[in-house]
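# Survey of secondary and tertiary structure
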Amino acid sequence: MYPPSRKDFISLTLSDPHSQNYNNGKHRRQSCWRKWKQLSRLQRSLILFLLALLLILGLLSYSSITEHWRGLSDQEDWLELNDRELKAIPPDAAGEARGPNIPILVKPPVKKKIFANKRGPPSLQRDANVSDTVGREKQEQVVQEDEGEEEEKQKKIVSWRGAMIEADQATEPPPSANEKEAAVPPAPANPAGTVPLEVSPETRVRLEAVCDAFRHAWKGYKDYAWGHDELKPISKSFGEWFGLGLTLIDALDTMWIMGLKEEFAEAKTWVEKDLSFNKNVDVNLFETTIRILGGLLSTYHLTGDQLFLEKAKDIGSRLMPAFKTPSKIPFSDVNIGKGTAHPPRWTSDSTLAEVTSIQLEFRELSRLTQDPQYQEAVNEVMTLVHKLPGKHDGLVPMFINTNNGQFTHKGVFTLGARADSYYEYLLKQWIQGGKTEDNLLEDYLEAIEGVKKHLVRQTGPSKLTFVGELSHNRFNPKMDHLVCFLPGTLALGAHNGLPGDHMDLAVQLMETCHQMYKQMETGLSPEIAHFSLQASDGSDVIVKPADRHNLLRPETVESLFYMYRFTKDAKYRDWGWDMLQSFNKYTKVSGGGYTSINNVRDPLSTGPRDKMESFFLGETLKYFYLLFSDDMELLSLDKYVFNTEAHPLPIWPSPPK
């Protein structure tokens, strides 16, 4: 067979359809080229310019689209991260205890979200400082559902320090009466506030100063007294009262509120691993209730961490033997290891303030555990005191007998030590319970009228209003620093609808408590002040040598906090700032911690007492922080009531009418 000739090859090629397509395309390209060459130079330039312009516009559009796609992808990744890492965990769920750096979020039913630039919650991104709690315009985002009538129902405010906070009322159906009474723990509180705030430089400086003070105090405690009750900062050692880590437990909710994550985490680890109440030790019922039980309940509500509720139930049950008395008025001391209780060795009396200032905590423990024994025990005390003879226009004596349940040492009336928090808890129980317990309100209103009638006077020199004492119908112009709780309590009552003249008295007494600091050479108040009733050019405040000490007490700054919250008068903040600077100047110990002092009248020789009370961290610094915070929703006084150790507990839902 012969190979094909060139003619045959050409014939085969022309008959091939693929070859025909190739040739047709070639002819078309040649035809287009001829047409292009026939165009004038101006026409060709115009066409090339338009093509170049279209190319540039196409590239710009492609860049914008790909960036948008990338952003959507990042948001999907963020959503997936949060669904995986921040899934809501019911506070009552069993399981491993959670640390403060794991936010517990109520997952919102929303469709559109606005996200911070950084992945994950801001509380997991930074070291603890004041910026954790203020000025976070881009770290708390308002999330809205923009779907017609559903817009208002779906509005939420996200806070990364604790919970999903409803901007308006809850959209779920209202609970039944039984559900309202059930002890369903509320969502963890929102210490960081609910809206981004514009924080002034002055506010930022003051908040940071409080956090610095706390860190300095905590450093001393951690270095020299870790796990013990109190720091002795001068000798760099510790003091033991009950052996239960009082300072650490008292400070838990303060650290959470301030956003001090590392400090909180290490304290929580100690509570989890080292705190045991199975000890053969006598504890004071009142102090253990307000500091330890109150501190654990408050921290549970703020964090949602079941660990703190379990510890609260443990100590609460161990305190119950105190109520096994003939009169149901509890003994002052309990052995929490043996389950026995007894009065002090020198008397069978209990202090009235102590037996009537444990109610907020035990009532809340019953609500959470659904065990009525705690609330029944403390309510019975209030019922007995309500009916007792021996009051003087609502004022009560300082002691009550545990055997017969009667007042003792009658005729002496004070709002200072041994009686003070009785009056405070009358109002706060009424608020806690939804303003339904009329006996509490009746006793409180009668007592305030008794205070105004028998104990309120004015000084001669400057007409300062103060609260004195009555001893067998004889007036004594003596006022403990403890009485400076009263302006705040009066203001709280007025805020809750009580008579307006309560607020007038609060304003006057607040000025007096301020002067107890301002008129001292150190800028710090004495433990006890006497007041001059004589008209003269002299000083209003008289301090006896035995009364010149300062214990780092919180009552004045506590009332400043209430007064600022309700009036927004900046002078109360300024007064508090002066006080904080005086604490730093005269009580701060260089190696860590703060110390109480012996003499507020001598700046050159204050006489350090080598003791930092647990309430300096649990109350004093907490109230300073709340005073300077611009966030009025940070522990809103319409949602929380503070126990007498500054531990916030939730106000109960009002029962259905």
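Calculation criteria
Residues numbered from 1 in each chain as written. Predicted model: local features only at pLDDT ≥ 70, side-chain atom pairs only at ≥ 80, totals over all residues. Heavy atoms only, no water. UniProt positions renumbered as here; feature names shortened; annotations may be inferred. Helix = DSSP H or I, 4+ residues; strand = E, 2+ residues; numbered from the N terminus. Buried < 20%, exposed > 50% of the residue type's maximum accessible area, 1.4 Å probe, protein only. Contact = heavy atoms within 4.5 Å. Areas by Shrake-Rupley, 256 points an atom, 1.4 Å probe, with all protein chains shown as cover. pLDDT = per-residue confidence, 0-100. Patch = residues over 30% accessible without salt bridge, like charges linked within 9 Å, V, L, I, M, F, W, Y side chains within 5 Å. Salt bridge = Lys/Arg side-chain N within 4 Å of Asp/Glu carboxyl O. Expected span 1.5 Å × (residues − 1). Pairing = 2+ DSSP bridges. Axes fitted to C-alpha atoms, helices over the stretch in contact; angles between N-to-C directions. Phe/Tyr/Trp six-rings, centres within 6.5 Å; stacked < 30°, edge-to-face > 60°. Parallel < 35°, antiparallel > 145°, perpendicular 65-115°, else oblique. Left-handed = near helix turned anticlockwise from the far one by under 90°. Nonpolar A, V, L, I, M, F, W, Y, C, P; charged D, E, K, R; others polar. Polar contact = N/O pair within 3.5 Å; in protein donor to acceptor, adjacent residues only side chain to side chain.

Taking an unreviewed UniProt entry as the reference, the chain is identified by name as alpha-1,2-Mannosidase belonging to Maylandia zebra. Of the comments in the UniProt record for the chain, the one headed Pathway (unreviewed entry) reads "Protein modification; protein glycosylation." On record in UniProt, under Subcellular location (unreviewed entry), the comment for the chain is "Endoplasmic reticulum membrane".

### Structural notes on the overall build of the chain
Secondary structure assignment for the chain yields 19 helices and 21 strands. A buried classification covers 53% of the 657 residues belonging to the chain. Within the chain, counting contacts between residues at least 6 apart in sequence, those at least 24 apart form 69% of the total. When the accessible area of the chain is evaluated, it comes to approximately 30,100 Å², of which 53% is carbon and sulfur surface.

### What to know about the environment of Val543
Position of Val543 among the secondary structure elements: in the loop between strand E19 (541-542) and helix H17 (555-567). Sequence separation between Val543 and Ala529 is 14 residues; the distance between their C-alpha atoms is 5.3 Å. Discounting chain neighbours no more than four positions away, the residues touching Val543 are Met520, Pro526, Ile528, Arg548 and Arg601.

### A short note on the confidence of the model for the chain
On average, the chain scores 81 in pLDDT, and the residues at 70 or more come to 74%. Between residues 192-196, whose pLDDT stays under 50, and residues either more than four places distant or in other chains, the model counts 20 contacts.

### A word on a nonpolar patch on the surface
Nonpolar side chains collect at one region of the surface, where Leu46, Phe49, Leu50, Leu53, Ile56, Leu57 and Leu60 lie side by side and expose about 700 Å² of accessible area between them. Along the chain, Leu46 turns up in helix H3 (residues 41-85).

### Here we look at helix H18 (residues 570-586)
In this model H18 runs 25 Å from its N-terminal to its C-terminal C-alpha over 17 residues, within 8% of the 24 Å that 1.5 Å per residue would give. Looking only at H18, the buried set comprises Tyr572, Arg573, Trp575, Gly576, Trp577, Met579, Leu580, Ser582, Phe583 and Tyr586. Buried positions along H18 lie against helix H5 (201-224), helix H16 (500-518), H17 and helix H19 (615-628).

### A short note on the sheet that holds strand E16 (residues 474-476)
Read across the open sheet, the 3 strands follow the order E12-E15-E16; overall the sheet is antiparallel. Across the chains shown, the open sheet's two edge strands, defined by having one partner strand only, are strand E12 (412-413) and E16.

### Side note on the pattern of salt bridges
Enumeration according to the criterion identifies 26 salt bridges in this entry. When the shortest N-O distance is used, the salt bridge between Arg215 and Asp212 registers 2.8 Å. Taken together, the residues span about one helical turn, with Arg215 and Asp212 both in helix H5 at a distance of 3 residues. Here Asp212 falls in the partly exposed class, since its relative accessible area comes to 39%. Among the salt bridges present, the one from Arg367 reaches Glu364, with a minimum N-O distance of 3.0 Å. One end of the pair, Arg367, and the other, Glu364, are both in helix H11 (residues 359-369), 3 residues apart, so they sit about a helical turn from each other. One exposure class covers both Arg367 and Glu364, and it is buried. Members of the salt-bridge network, linked through shared partners, are Glu202, Arg206 and Asp574.

### Brief notes about the sheet that holds strand E8 (residues 340-342)
Taken in spatial order, the 3 strands line up as E6-E7-E8 in an open sheet, and their pairing is antiparallel. Single-partner strands in this sheet number two, and they are strand E6 (282-284) and E8. Each neighbouring strand pair of the sheet contributes to a mean axis angle of 30°, computed without reference to strand direction. Across 3 bridges, the pairing between E6 and strand E7 (residues 333-335) is antiparallel. Paired with Asp282 across the two strands is Asn335, which belongs to E7.

### Brief notes about the packing of aromatic side chains
Evaluated as defined, the whole model comprises 23 aromatic pairs. For the pair Trp218 and Tyr221, a centre-to-centre distance of 5.5 Å together with 40° between the ring planes defines the contact as tilted. Linking Trp218 with Tyr221, this pair stays in helix H5, spanning 3 residues, or about one helical turn. As far as the burial class goes, Trp218 and Tyr221 line up, both buried. Ring centres of Phe561 and Phe642 lie 5.9 Å apart, and the angle between their planes is 75°; on these two criteria the pair is classed as edge-to-face. Remark: Phe642 occurs in strand E20 (residues 640-642) and Phe561 occurs in helix H17; sequence separation between them is 81 residues. Across the pair, Phe642 and Phe561 agree in class, each one buried.

### Focus: the packing of H16 against H17
Two numbers describe how H16 lies on H17: the axes approach to 10 Å, and their chain directions differ by 135°. Classified by the angle between their axes, H16 and H17 sit oblique to one another. Here H16 and H17 pass one another in a crossing that is left-handed. Residues Met503, Ala506, Val507, Met510, Cys513 and Tyr517 of H16 touch H17, and the partners they reach there are Thr556, Ser559, Leu560, Met563, Phe566 and Thr567. For the contact of H16 with H17, the class distribution of residues is 9 nonpolar, 3 polar and no charged.

### Points about H19
With 14 residues, H19 extends 19 Å from end C-alpha to end C-alpha; this agrees with the ideal 20 Å at 1.5 Å per step. Taking burial as the measure, the 14 residues of H19 include 14 buried ones, the bulk of the element.

### As for the side chain of Glu364
On the basis of relative accessible area, Glu364 is assigned to the buried category, the value being 0%. The contact partners of Glu364, leaving out residues within four places of it in the chain, are Leu297, His301, Gln432, Leu649, Pro650 and Trp652.

### Topic: the environment of Val283
Topologically, Val283 is positioned in strand E6. It is 8.9 Å that separates the C-alpha atoms of Val283 and Leu319, two residues lying 36 residues apart in sequence. Other than its neighbours up to four places away in sequence, Val283 contacts Phe242, Leu244, Thr288, Leu319, Ser332, Asp333, Val334 and Ile336.

### Observations concerning the UniProt feature "binding site: Ca(2+)" (unreviewed entry) in the chain
As recorded in UniProt, the feature "binding site: Ca(2+)" (unreviewed entry) lies at Thr644. Structurally, Thr644 can be placed in the loop between E20 and strand E21 (648-650). Residue Thr644 is classed as buried on the basis of its relative accessible area, which comes to 17%. With sequence-adjacent residues up to four places away left out, Thr644 is seen in contact with Phe286, Ile290, Ser421, Glu424, Tyr425 and Glu619. Within the structure, the side chain of Thr644 is placed 2.9 Å from the side chain of Glu424, a separation counted as a polar contact.

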